[in-house]
Amino acid sequence: MSTMSVHGMWSSRLAFILAATGSAVGLGNIWRFPYTAGEYGGGAFVLIYLICVAGIGIPIMMAEIMLGRRGRQSPVNTMRSLAGQEGAHGAWQLLGWMGIVSGLLILSFYSVIAGWTMAYVTRAFGGQFGGIDAAGAESMFGALVSDPERLLAWHTIFMVMTVMVVARGVASGLEKAVRFLMPALFVLLIGMVLYAAQAGDFQAALAYLFKPDFAKLGEHAGEAILSAMGQAFFSLSLGMGAIMIYGSYLNSSASIGRNAVIIASLDTTVALLAGLAIFPIVFANGLSPDSGPGLIFQTLPIAFGQMAGGQLVGVVFFVLLVFAAWTSAISLLEPVVTWLVENRGFSRVRATVIAGSAVWLLGIACLLSLNVWAGFTIFGKGILDLFDYVTANVLLPLGGVLIAVFAGWIMRRASSRDELAMGETSIAYGAWRLLIRYVAPICVVIVLLNAIGLI
Ligand code: TRP
C-alpha cells in the first residue's frame with residue numbers, strides 16, 4: 001500500500017537522498033568534526049567515530065526513516081499513531097517532543113556558527129586573508145566572536161534564510177536548494193584537500209587522523225567515546241526526528257537500507273575530507289589541533305591567504321559552507337513546523353515564523369555567551385557550549401536509544417520487515433535487527449551511564 005504525507009512528498013528517490021544528505025552534511029562535518037577530533041587527539045577518536053557511524057548510526061538511520069515513512073506525520077504524531085498501531089503506550093509520543101526540544105536548541109547555536117561562516121564570506125571577499133599568519137587569523141576570529149552586534153546581525157540573517165525555505169514547503173523549498181549545492185561543495189572540498197596535500201603537512205595530518213593512539217585518550221577515554229558517539233548522531237542528523245520527517249516524505253517503494261548506507265557514506269566522506277583539508281594546514285603552521293570551535297576559522301584563512309586565487313577560493317568555500325549549514329538548518333526546523341501545522345492548525349508560513357522566532361531568541365542567548373555573558377557558566381560551560389554538549393552528547397543519543405527500542409522491540413517483526421522490504425530471510429534484515437535490538441541500545445546506554453559516572 002502506498003501512502004502520502006499531507007505536508008508534501010519528495011519528487012524522486014534522488015531528491016530524498018539529496019535532502020537527507022543536505023541535512024546530514026553541514027557544520028557538523030566541516031566545523032565540528034575537525035575541532036572535536038582535535039580536542040581528543042585525532043586517530044583514536046576518528047576510529048571510534050567510524051565504528052559508531054557503522055554500528056549505531058546506520059541502523060538507527062534506517063529505523064528513523066522507517067518510522068517516518070510508516071507514520072507520515074510530524075514526529076510527535078507519527079510516534080503516537082505508530083504506538084497505537086503496535087498496541088503500545090501513547091507516551092511514545094514523548095520521543096517526538098524530545099526531538100522538538102533538541103531541534104530548537106541545536107538550531108539556536110547552529111545559526112550563530114552559520115553566522116560566523118557568513119561573516120567569513122565577507123572577509124574573504126574583502127581580501128582580508130591575504131598574507132595572514134596564525135596570529136592574525138586568531139585575532140580576526142577573536143574580534144568577530146567578541147562583537148555581539150555583528151553576531152546578532154548574521155544570526156538574524158541566517159534565521160531569516162532558514163525560515164524562508166521552510167515556509168515554502170517540501171518540494172519547492174527544500175529540494176531546490178540541495179540539488180546543486182551538495183555536489184558543488186563536494187567538488188570544492190576535494191580541491192581543498194589537494195591544495196592542503198601539496199601546501200601543508202599532509203603526512204602529519206594522515207598520521208594524526210588515521211593512526212589511532214589510544215594512549216592519548218588516557219583518563220579521558222570515557223569522555224572521548226561519548227563525544228565520538230555524540231558526533232556521529234549530530235553529523236548524521238539522528239535522534240531528533242529530522243530524518244524521520246524526511247522519511248515521511250519518501251515514496252513507499254524506495255529501499256530504506258540502501259538509502260541509509262548512501263547517506264551515511266557521503267556524510268562520513270565529507271567529514272574525513274574536511275579533516276584532510278584542515279589538519280595539513282594546522283600542522284604546517286604550527287597551530288594546535290585542540291584550539292576548539294575556532295579551528296577552521298583560524299586555519300583556512302591562512303591557506304586562502306597564501307594560495308594563488310585564494311580570494312576567490314575562499315569566497316566560494318565559505319559560501320558553500322553557508323549553504324551546507326542552510327540545508328541542515330532546514331531539517332532542524334521541519335519537525336516542529338509540521339507539528340504546529342498538524343496540531344495547531346497554523347498555516348505553514350505562520351508555523352515557520354513562530355518556530356523560527358523562538359529559535360532566534362534562544363540564539364541570542366548563545367551569541368551573548370561568547371562575549372557579554374562570558375562569565376555566566378553552567379557546569380563550567382557557557383550557554384552555546386552547553387546547548388551543543390547537551391544536545392549532541394545526551395539528547396540525541398537518548399532519542400536514538402528510544403528509536404532503536406521502538407523499532408526493534410515495540411514494533412512487530414512483521415511491520416519492520418514489511419517497511420524495510422529486505423526480503424523474508426535476508427541476512428541484511430537479520431543484521432539490522434540484531435544491531436537495532438541489542439548492539440545500538442546497549443552500546444549507547446553503556447556510554448551514557450559511563451559518562452555520568454554510574455559505571
Ligand atoms: N547533521 C547536521 C550537521 O552535521 C546538523 C543537523 C541537521 C542535525 N539536522 C540535525 C543534527 C538533526 C542533529 C539532529 O551539520
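Scroll up a little and you will see the structure.
Quick caveat, the model's predicted, so the values are computed rather than measured.

Participant: Can you lay out the environment of P301 for me, pointing to particular residues and giving the numbers?
Facilitator: Tracing the backbone through its elements, the reader meets P301 in helix α13 (residues 295-306). Separated by 181 residues in sequence, P301 and Y120 place their C-alpha atoms 8.8 Å apart. Sequence-distant contacts of P301, that is, excluding residues within four places in its chain, are made with Y120, F129, I132 and I296.

Participant: Tell me about the packing of helix α2 (residues 27-39) against α13, and name the residues and values.
Facilitator: Between α2 and α13, whose axes approach to 9 Å, the crossing angle comes to 105 degrees. The angle between α2 and α13 places the two elements in the roughly perpendicular class. Between α2 and α13, the contacting residues are I30, W31, P34 and Y35 on the first element and L295, I296 and F297 on the second. In terms of residue class, the contact of α2 with α13 is made up of 7 nonpolar, no polar and no charged.

Participant: An account of the site of the ligand is requested, with residue identities and associated values reported.
Facilitator: Around the ligand sit 17 residues, and of these A24, G28, Y110, F234 and S237 come closest. Taking S331, its side chain carries an N or O atom lying 3.0 Å from a nitrogen atom of the ligand. Taken by itself the ligand offers 360 Å² of open surface, and the protein chains cover 100% of this. Those elements that provide at least two residues to the shell around the ligand are α1 (13-24), α2, α5 (94-125), α10 (221-235) and α14 (310-344).

Participant: Provide a residue-level description of helix α4 (residues 75-85), including the pertinent values.
Facilitator: Within the span of α4, buried status applies to P75, V76, N77, T78, M79, L82 and A83. Along its buried surface, α4 packs onto α3 (43-71), α5, α11 (242-247), α14 and α16 (383-410).

Participant: Residues and numbers for the nonpolar core, please.
Facilitator: W116 and F317 are the most contacted members of the largest nonpolar core, which has 173 residues in total. For this core, the element with the highest residue contribution is α5, accounting for 18 residues. Excluding residues that lie within four positions of it along the chain, F317 makes contacts with I30, L188, L189, M192, L300 and F304.

Participant: Go over the packing of aromatic side chains, please, and point to the residues and values.
Facilitator: Scanning all chains against the criterion turns up 27 aromatic pairs. Seen in terms of ring centroids, Y120 and F297 are 5.0 Å apart; in terms of plane orientation they differ by 65 degrees. Their pairing is edge-to-face. Linking Y120 in helix α5 with F297 in helix α13, this pair joins segments that are 177 residues apart in sequence. Like F297, Y120 is buried. Measuring from ring centre to ring centre gives 5.8 Å for F304 and F318, while their planes differ by 70 degrees; the resulting arrangement is edge-to-face. Highlighted residues: F304 in helix α13 and F318 in helix α14, separated in sequence by 14 residues.

Participant: Let's hear about the side chain of N371: which residues, and what values?
Facilitator: Here N371 lies in the loop between α15 (348-368) and α16. One polar contact links the side chain of N371 to the main-chain carbonyl oxygen of V145, over a distance of 2.8 Å.

Participant: Could you give an account of the pattern of salt bridges, naming the residues involved and the relevant values?
Facilitator: Evaluation of the coordinates by the stated rule reveals 7 salt bridges. Close ionic contact of R70 with D418 constitutes a salt bridge, the shortest N to O distance being 3.2 Å. Highlighted residues: R70 in helix α3 and D418 in helix α17 (residues 413-420), separated in sequence by 348 residues. Under the relative-accessibility criterion, D418 is labelled partly exposed at 49%. Several salt bridges converge on common partners, so that one network encompasses R69, R70, D418 and E419.

Participant: So, unusual backbone geometry: which residues are in play, and what are the values?
Facilitator: Backbone geometry follows two general trends: most residues other than glycine have a negative phi, and most peptide bonds adopt the trans configuration. Its identity as a non-glycine residue notwithstanding, R72 has a phi of 55 degrees, on the positive side. Along the polypeptide, R72 turns up in the loop between α3 and α4. For R72, a relative accessible area of 5% puts it in the buried group.

Participant: Outline the side chain of T268, listing residues and values.
Facilitator: Topologically, T268 is positioned in helix α12 (residues 256-284). When neighbours within four sequence positions are excluded, T268 is seen to be in contact with L50 and V53.

Participant: Let's hear about the environment of L276: which residues, and what values?
Facilitator: On the secondary structure map, L276 appears in helix α12. Placed 105 residues apart in sequence, L276 and K381 show a C-alpha to C-alpha distance of 29 Å. Leave out the neighbours within four places in its chain, and L276 touches V193, A196, F202, L206, L209 and F210.

Participant: Can you lay out α14 for me, pointing to particular residues and giving the numbers?
Facilitator: In this model, α14 (35 residues) spans 50 Å end to end at C-alpha, consistent with the 51 Å of a helix rising 1.5 Å per residue. Burial within α14 is extensive, with 25 of its 35 residues counted as buried. G345 occupies a position one or two residues after α14 and carries a positive phi of about 70 degrees.

Participant: I'd like to hear about a nonpolar patch on the surface, residue by residue, with values.
Facilitator: A cluster of nonpolar side chains, contributed by W409, L434, Y438, V439, I442, V445, I446, L449, I452, L454 and I455, occupies part of the molecular surface with about 1000 Å² of accessible area. The element best represented in the nonpolar patch is helix α18 (residues 427-451), accounting for 7 residues. As for its placement among the helices and strands, W409 is situated in helix α16.

Participant: Just give me the short version of the packing of α14 against α15, but keep the residues and values in it.
Facilitator: Look at α14 against α15: their axes get within 9 Å of each other, and the N-to-C directions meet at 130 degrees. The angle between the axes of α14 and α15 places the two elements in the oblique class. Here the hand of the crossing between α14 and α15 comes out right-handed. Of the residues in α15, those in contact with L333, E334, V336, V337, T338, L340 and V341 of α14 are R348, A351, T352, A355, G356 and V359.

The rules behind the values
- Residues numbered from 1 in each chain as written.
- Predicted model: local features only at pLDDT ≥ 70, side-chain atom pairs only at ≥ 80, totals over all residues.
- Heavy atoms only, no water.
- Helix = DSSP H or I, 4+ residues; strand = E, 2+ residues; numbered from the N terminus.
- Contact = heavy atoms within 4.5 Å.
- Axes fitted to C-alpha atoms, helices over the stretch in contact; angles between N-to-C directions.
- Parallel < 35°, antiparallel > 145°, perpendicular 65-115°, else oblique.
- Nonpolar A, V, L, I, M, F, W, Y, C, P; charged D, E, K, R; others polar.
- Near = heavy atom within 4 Å.
- Polar contact = N/O pair within 3.5 Å; in protein donor to acceptor, adjacent residues only side chain to side chain.
- Areas by Shrake-Rupley, 256 points an atom, 1.4 Å probe, with all protein chains shown as cover.
- Buried < 20%, exposed > 50% of the residue type's maximum accessible area, 1.4 Å probe, protein only.
- Core = buried A, V, L, I, M, F, W, Y, C linked by side-chain atoms within 4.5 Å.
- Phe/Tyr/Trp six-rings, centres within 6.5 Å; stacked < 30°, edge-to-face > 60°.
- Salt bridge = Lys/Arg side-chain N within 4 Å of Asp/Glu carboxyl O.
- Expected span 1.5 Å × (residues − 1).
- Patch = residues over 30% accessible without salt bridge, like charges linked within 9 Å, V, L, I, M, F, W, Y side chains within 5 Å.
- Left-handed = near helix turned anticlockwise from the far one by under 90°.

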